[in-house]
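# Working through the structure, step by step
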Amino acid sequence: MPTPIVSLAPRRSPSQARSVVTVAAVFEAAIQVLLKDGVHRLTTTRVAERAGVSVGSLYQYYPNKQALLNAVLERHLNGVVEAVEVAASRAHQRPLAVLVESVVHAFVTAKLDRADEARALYAVAAELARADLVKQASVRACRALAAALSTVTDASFDDLPVTAYMFATAMIGPTKGLLEEEAPAKLARVIRRQLVSLCLGYLEREASRSTSPLPTSTVRRLRPRS
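Residues numbered from 1 in each chain as written. Predicted model: local features only at pLDDT ≥ 70, side-chain atom pairs only at ≥ 80, totals over all residues. Heavy atoms only, no water.

### Quick notes on the nonpolar core
Within the largest apolar cluster, 40 residues are counted, with the highest numbers of intra-cluster contacts made by L96, V100, V103, V104 and F167. Elements with a minimum of two residues in this core: α4 (65-90), α5 (96-112), α6 (115-127), α7 (131-149), α8 (160-180) and α9 (185-211). The dominant element in this core, judged by the number of residues it contributes, is α5, at 9 residues. Contacts of V104, omitting those with residues within four sequence positions, involve F167, M171, R192, L195, V196 and C199. Counting 31 residues, the second-largest nonpolar core is a separate cluster that includes L42, L58, Y62 and A137. (Core = buried A, V, L, I, M, F, W, Y, C linked by side-chain atoms within 4.5 Å. Buried < 20%, exposed > 50% of the residue type's maximum accessible area, 1.4 Å probe, protein only. Helix = DSSP H or I, 4+ residues; strand = E, 2+ residues; numbered from the N terminus. Contact = heavy atoms within 4.5 Å.)

Okay, structure coming up:
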């Protein structure tokens with residue numbers, strides 16, 4: 001028999017203050033159950049019990065476990081991207097180093113302030129096969145970075161989309177590795193500084209290719225002989 005299609009869409013969104021509080025409690029309970037039992041053992045009943053609400057109340061918003069986890073994943077991704085967007089926007093018309101430090105600190109803080117949550121939601125994204133959701137978040141972040149890079153006061157770039165993509169990837173890769181591998185505490189303490197060095201080094205190199213004149217020795221070597 002064909003596998004039934006499970007809807008990931010919520011039944012409705014909270015609109016009143018009480019319902020917003022209920023959904024927030026359900027989300028927090030879902031994270032706690034994920035951390036304690038893992039994605040495969042999580043059930044809506046366990047989440048409702050941890051949140052202190054009835055299963056019926058949970059089902060008013062989310063028809064199944066997958067829809068609930070999808071909503072929790074969306075909230076996490078939106079929070080991270082919004083942190084990057086705000087930091088990038090505030091760094092418009094500033095030097096490149098200011099932009100990089102602002103964005104890196106915002107991104108790492110958004111991920112590491114709830115490191116357990118971020119780690120658990122990597123598994124959720126894989127379980128729900130929501131690579132598309134992760135990609136959408138990445139596209140938003142890259143768009144914000146490209147817009148900010150276009151305004152820096154001390155550099156310019158030939159290919160902003162590619163440069164912004166590499167900037168974002170340079171932040172995401174090491175941070176994900178740190179979270180998934182539960183890297184030593186020492187690395188967690190220095191990762192902001194290390195990522196600033198990594199990203200700024202890349203961006204300065206790319207900017208110099210499009211803005212700096214060729215060295216005198218190179219010019220002499222390329223000058224045609226009479």
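Resuming the write-up.
### A look at helix α2 (residues 44-51)
Every buried residue belonging to α2 is among T44, V47, A48 and A51, and all of these are buried. One side of α2 holds all its buried residues, which, seen down the axis, span an arc of 100°. The inward-facing, buried residues of α2 abut α1 (17-37), α3 (55-59) and α4. Just downstream of α2, G52 is the residue with a positive phi angle, here 75°. (Arc of directions from axis to C-beta.)

### Things to note about the pattern of salt bridges
The tally for this structure, following the rule as stated, stands at 7 salt bridges. Where D37 meets K36, a salt bridge forms, and the shortest distance between an N and an O atom there is 3.5 Å. Since its relative accessible area comes to 61%, K36 is described here as exposed. Between R46 and D37 there is a salt bridge, with its nearest N and O atoms 3.2 Å apart. Sharing partners across several salt bridges, the network here consists of E28, R114 and E117. (Salt bridge = Lys/Arg side-chain N within 4 Å of Asp/Glu carboxyl O.)

### Some words on the packing of aromatic side chains
Counted according to the given criterion, the structure contains 1 aromatic pair. Each ring, one from F27 and one from Y62, has its centre 5.9 Å from the other, and the planes form 35°; the classification is tilted. Taken together, the residues F27 in helix α1 and Y62 in the loop between α3 and α4 connect sequence positions 35 residues apart. Look at F27 and you get buried, because its relative accessible area is 8%. For K176, the ring lying beneath its charged end belongs to Y122, and the centroid distance is 5.4 Å. (Phe/Tyr/Trp six-rings, centres within 6.5 Å; stacked < 30°, edge-to-face > 60°. Lys NZ or Arg CZ within 6 Å of the ring centre and 35° of its normal.)

### Things to note about unusual backbone geometry
Positive phi is not limited to glycine here, since Q93 has a value of about 65°. Relative to the helices and strands, Q93 resides in the loop between α4 and α5. Here Q93 falls in the exposed class, since its relative accessible area comes to 55%. Phi angles above zero are rare outside glycine, and A129 is one such case at about 55°. For A129, the position within the fold is in the loop between α6 and α7. In this structure A129 comes out as exposed when scored by relative accessible area, which is 60%.

### Digging into α5
The α-helix advances 3.6 residues per turn, and as a result positions three or four apart in sequence lie on the same side. The end-to-end C-alpha separation of α5 is 24 Å, in line with the 24 Å expected for 17 residues at 1.5 Å each. For α5, the full list of buried residues reads L96, L99, V100, V103, V104, A106, F107, V108, K111 and L112. (Expected span 1.5 Å × (residues − 1).)

### Side note on the packing of α1 against α6
Close contact between α1 and α6 brings their axes to 10 Å; oriented N to C, the two are set at 80°. Here α1 is positioned roughly perpendicular relative to α6, judged by the angle of their axes. Between α1 and α6, the contacting residues are I31, L34 and L35 on the first element and D116, E117, A120, L121 and V124 on the second. Of the residues in the contact of α1 with α6, the class split is 6 nonpolar, no polar and 2 charged. (Axes fitted to C-alpha atoms, helices over the stretch in contact; angles between N-to-C directions. Parallel < 35°, antiparallel > 145°, perpendicular 65-115°, else oblique. Nonpolar A, V, L, I, M, F, W, Y, C, P; charged D, E, K, R; others polar.)

### Side note on the packing of α1 against α4
As a packed pair, α1 and α4 sit with axes 10 Å apart at the nearest point and diverge in direction by 100°. Relative to α4, α1 is oriented roughly perpendicular. Between α1, through V26, F27, A30, I31 and L34, and α4, the contact on the second element is made entirely by L68, L69, A71, V72 and R75. Counted by class, the contact of α1 with α4 contains 9 nonpolar, no polar and 1 charged residues.

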